[in-house]
Amino acid sequence: MKLIATLSTDAMNPWLLTLVLAYLLGSIPFGYILVRLFLKQDIRKTGSGNTGATNVARSGKKGLAIATLLLDLLKGVAAVIIARHIAAAYGMNTEDMAAAAAAMAILGHIFPVWLGFRGGKGVATGLGVFLAISPLTTLCCLAVFIVIFQLWKYVSLASIVAAAVFPVFAFLFSRGNVSPIVAASFVLIPAVIIFKHHSNIQRLLRGTENRFGKKKEA
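Criteria and thresholds
Residues numbered from 1 in each chain as written. Predicted model: local features only at pLDDT ≥ 70, side-chain atom pairs only at ≥ 80, totals over all residues. Heavy atoms only, no water. Phe/Tyr/Trp six-rings, centres within 6.5 Å; stacked < 30°, edge-to-face > 60°. Helix = DSSP H or I, 4+ residues; strand = E, 2+ residues; numbered from the N terminus. Buried < 20%, exposed > 50% of the residue type's maximum accessible area, 1.4 Å probe, protein only. Contact = heavy atoms within 4.5 Å. Salt bridge = Lys/Arg side-chain N within 4 Å of Asp/Glu carboxyl O. Expected span 1.5 Å × (residues − 1). Bend = angle between axes of the 7 residues up to and from the residue.

So what's going on with the packing of aromatic side chains? Which residues, and what values?
For the structure shown, the criterion picks out six aromatic pairs. With centroids separated by 5.8 Å and ring planes inclined at 65 degrees, the aromatic side chains of phenylalanine 166 and phenylalanine 186 adopt a geometry described as edge-to-face. Here phenylalanine 186 lies in helix 9 (residues 180–195) and phenylalanine 166 lies in helix 8 (residues 155–174), a separation of 20 residues in the sequence. Residue classification places phenylalanine 186 among the buried positions, given a relative accessible area of 4%. Note on phenylalanine 169 and phenylalanine 173: the rings are 6.2 Å apart at their centroids and 15 degrees apart in plane angle, and the pair reads as stacked. Pair noted here: phenylalanine 169 and phenylalanine 173 are both in helix 8, with a separation of four residues, about one helical turn. For phenylalanine 169, a relative accessible area of 22% corresponds to the partly exposed category. The partly exposed category is assigned to phenylalanine 173, whose relative accessible area is 37%. Among the aromatic side chains, those forming a connected cluster through ring pairs are Phe130, Phe166, Phe171 and Phe186.

This is how it looks when you write it as structure tokens:
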């Protein structure tokens with residue numbers, strides 16, 4: 001029994017390490033840090049109060065918004081890459097661990113421990129994790145995002161539609177040849193991102209959602 005317990009503990013260590021690292025990496029609030037550092041402001045008191053790139057853009061500094069977008073994206077990529085390396089080092093399924101790390105990075109971004117669990121909506125970080133997991137699917141969804149945004153100028157609408165079609169493209173390109181953990185990530189991560197846009201959905205239905213480029217009062 002002692003040997004079994006030891007083996008079980010050892011088997012869990014890579015998962016625990018990966019999930020904690022992915023969450024902490026995802027929880028780095030780059031939007032908050034950049035706005036605080038360069039503008040001496042709290043981005044949570046602007047617009048929607050989120051720390052993502054769209055709300056940073058409302059500060060009037062497009063450079064900071066672009067930097068936030070790229071850094072949030074890259075932390076998602078990094079979480080997946082690190083997870084794969086840890087899995088490979090322990091001889092474990094790399095794609096299962098990458099998918100689990102992707103989910104934790106998204107949760108870290110949305111619920112960062114450093115900011116009272118109030119962060120962004122997970123779009124840029126979701127783009128990063130899925131670029132690392134399923135590049136072709138992500139590029140298709142990015143194309144959908146661009147088309148929707150160009151037509152209506154709503155970042156929220158473009159994000160919601162892109163997230164909604166992600167599972168369709170993901171299962172189409174993988175032909176269903178994925179593990180249950182990876183399949184779950186294809187569905188649950190976009191679902192979380194869409195859920196985080198619930199207030200945007202309500203405003204879209206009411207016709208009160210702000211188009212990109214129009215400042216919103218806190």
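Let's hear about the environment of proline 29: which residues, and what values?
Topologically, proline 29 is positioned in the loop between helix 1 (2–26) and helix 2 (30–39). The exposure class of proline 29 is buried, given its relative accessible area of 10%. C-alpha of proline 29 to C-alpha of glycine 52: the two residues are 23 residues apart in sequence and 8.3 Å apart in space. If near-sequence neighbours (up to four positions away) are discounted, proline 29 is found in contact with Trp114 and Leu115.

Give me the pattern of salt bridges: which residues, what numbers.
All told, the structure shown has five salt bridges when counted by the stated rule. The partner of arginine 36 in a salt bridge is aspartate 42, with the nearest N and O atoms 3.8 Å apart. Between arginine 44 and aspartate 42 there is a salt bridge, and its shortest N-O distance comes to 2.9 Å. For arginine 44, a relative accessible area of 25% translates into the label partly exposed. Judged by its relative accessible area of 12%, aspartate 42 is buried. When salt bridges that share partners are traced, they join Arg36, Asp42 and Arg44 into one network.

Which residues make up helix 8, and what values do they have?
For helix 8, which comprises 20 residues, the first-to-last C-alpha distance of 28 Å matches the rise-based estimate of 28 Å (1.5 Å per residue) to within 8%. Its axis deflected by about 30 degrees at phenylalanine 166, helix 8 carries its strongest bend there, up to four residues before the proline proline 167. For helix 8, the full list of buried residues reads Val155, Ser156, Ala158, Ser159, Ile160, Ala162, Ala163, Phe166, Pro167, Ala170 and Ser174. If you follow the buried residues of helix 8, they end up packed against helix 3 (53–57), helix 6 (123–133), helix 7 (135–152), helix 9 and helix 10 (198–206). Note on helix 8: the residue one or two positions beyond its end, arginine 175, has a positive phi of about 55 degrees.

Shape descriptors only; they carry no functional weight alone.
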